[in-house]
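A closer look at the structure
Here is how the chains run, residue by residue.
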Amino acid sequence: MKNILRVVVGVMSAIALTSCSTMTINQYEATAQTTYTWQVRYSTSPSDKLPRFETFATTSLLNRNGQQPPAAVTGPDDLGLWWPALPPRPTVDQIEQRQKPQEKPSTPELLKSVNYQITYIEGSKQRTLPTNYQVYRQVVKAYPSQRRLRLTLGVNNASVEKAEPL
């Protein structure tokens, strides 16, 4: 019974050390880095469980507080994000140059990705943490009036999981 109690106390201590915290901020901005990337899968057979992937051209665009970036080519999309110009599609020569013996390349695939971050002032320090789409949208809505926000930080205060207007 003592061993079980020790394990429970240890687990509870670990949870307390890594628990989330909240804070109120009034100086902040949110960014969403939108990226297009061409990728080709190389495999030795159609049932290959561990294909090799090669990344070709990439273009990115930084969205700041939901405003249209000067270099935006398309948008806003259904999520309110702006996107860069498409990178050049890899040519057959480029694809063949990266091909290894016995491999067959797939048709190039255009991947879309978004990296969300929030920057805020905590005391006299500026912090930038990764976040998610929901936090990005809350900041975008609050930014024009600079409404105060309550942030819920993630494990070890290494990310922002939630933002609520006050």
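Refer to the structure presented above.
We now turn to the structure provided with this report. (Residues numbered from 1 in each chain as written. Predicted model: local features only at pLDDT ≥ 70, side-chain atom pairs only at ≥ 80, totals over all residues. Heavy atoms only, no water.)

As a further point, take the side chain of N132. Mapped onto the elements of the fold, N132 is located in the loop between β6 (125–130) and α3 (133–142). There is a polar contact of 3.1 Å between the side chain of N132 and the backbone nitrogen of Q134. In terms of polar contacts, N132 uses its side chain to reach the backbone carbonyl oxygen of E161, at 3.3 Å. The contacts of N132, once residues within four sequence positions are left out, are Y116, V160 and E161. (Helix = DSSP H or I, 4+ residues; strand = E, 2+ residues; numbered from the N terminus. Polar contact = N/O pair within 3.5 Å; in protein donor to acceptor, adjacent residues only side chain to side chain. Contact = heavy atoms within 4.5 Å.)

Relative to the helices and strands, P76 resides in the loop between β3 (52–64) and α2 (92–97). Taking the C-alpha atoms as reference points, P76 and G66, 10 residues apart in sequence, are found 9.0 Å from one another. In this structure P76 touches L81 and W82, once residues within four positions along its chain are discounted.

Before going further, it helps to examine the environment of Y136. Its place among the elements puts Y136 in helix α3. Since its relative accessible area comes to 0%, Y136 is described here as buried. Placed 106 residues apart in sequence, Y136 and A30 show a C-alpha to C-alpha distance of 5.7 Å. Ignoring anything within four residues of it in the chain, the contact list for Y136 reads A30, T31, A32, N63, N65, G66, L81 and Y116. One polar contact links the side chain of Y136 to the main-chain amide nitrogen of G66, over a distance of 3.2 Å. (Buried < 20%, exposed > 50% of the residue type's maximum accessible area, 1.4 Å probe, protein only.)

Now for the pattern of salt bridges. Any two side chains of opposite charge can pair, given that their charged atoms come close. One pass over the structure, following the stated rule, counts seven salt bridges. Where E54 meets R98, a salt bridge forms, and the shortest distance between an N and an O atom there is 3.1 Å. Remark: R98 occurs in the loop between α2 and β4 (104–105) and E54 occurs in strand β3; sequence separation between them is 44 residues. R98 gets classed as partly exposed once you look at its relative accessible area, which sits at 32%. One network of salt bridges, in which partners are shared, links R52, E54, R98 and E103. (Salt bridge = Lys/Arg side-chain N within 4 Å of Asp/Glu carboxyl O.)

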